[in-house]
Amino acid sequence: MTQPIPALFLADSLGLDFLNSVATPVDTPIDWLEDGEGLLSWLQQARFVPDEVISSMRVRAIPGEIDRLAAQARSLREWFRAFVKEHKGHRLTAADLSELEPLNQLLKRDEGFDEIVANGNDESAAFRLLRSRRWTSPEALLLPIAESLAHLVCEEDFSHVKACEGPTCTLLFADHTRGHARRWCSMAMCGNRAKQAAHRQRLKSTRSNA
Ligand SMILES: [Zn+2]
């Protein structure tokens, strides 16, 4: 099923957005990857896979194949969530590499290649190198996800990977703000809720002091 609510992309890191593909934006938990259609829709929203590849996978896949792939994506997500939960707040070290072996195994399956493509007229160089991949099987749909997780561990300073401070919120984000003072997944979802709660608390204590 495709969720009527758009997926969340607020982590400032696609690898963390992938972890945030299960969340409780209001009251009810939503898993955007709950089945094959959900996975395809999430990949499309993340712009991980070209639309025409998504359409052809839908037609070519044997029944149940993409649903099974969604189950794999969910296991990958929860395995990687454990890694992020353990390591967030500190820089990664070379010793952590062994834990990432399952991700390396997945990355090795990539049939990626570079292609020279024309640049737009306004660019200074006529061509640029575009990274593409062969989408030979539905499993290839997991590769852009693996790539985003790999970018996260290679490029992100884990000292600034944080969990939202909302009491019931499960969302993770990379804090790229100056001073690294970001506390909330978003103001709309948790920041305002916290502000209102603090305001109510102040009113209560003013009344009880009066
Ligand atoms: Zn939150």
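In this report, we go over the structure that sits alongside the text. (Residues numbered from 1 in each chain as written. Predicted model: local features only at pLDDT ≥ 70, side-chain atom pairs only at ≥ 80, totals over all residues. Heavy atoms only, no water.)

What to know about the pattern of salt bridges
Right, on to step 1. Counting across every chain of the model gives 10 salt bridges.
Right, on to step 2. Arg58 is paired through a salt bridge with Glu37; the nearest N and O atoms lie 2.9 Å apart. Here Glu37 lies in helix α2 (residues 36–45) and Arg58 lies in helix α3 (residues 51–60), a separation of 21 residues in the sequence.
Right, on to step 3. Taking relative accessible area as the criterion, Arg58 reaches 39% and is therefore assigned partly exposed.
Right, on to step 4. For Glu37, a relative accessible area of 30% puts it in the partly exposed group.
Right, on to step 5. Here Arg133 ties to Asp110 by a salt bridge, and the two come within 2.8 Å at their closest N and O atoms. Note that Arg133 is positioned in strand β4 (residues 127–133) and Asp110 in the loop between α5 (101–107) and β3 (112–118), a separation of 23 residues in sequence.
Right, on to step 6. By relative accessible area, which is 13% here, Arg133 ends up buried. (Salt bridge = Lys/Arg side-chain N within 4 Å of Asp/Glu carboxyl O. Helix = DSSP H or I, 4+ residues; strand = E, 2+ residues; numbered from the N terminus. Buried < 20%, exposed > 50% of the residue type's maximum accessible area, 1.4 Å probe, protein only.)

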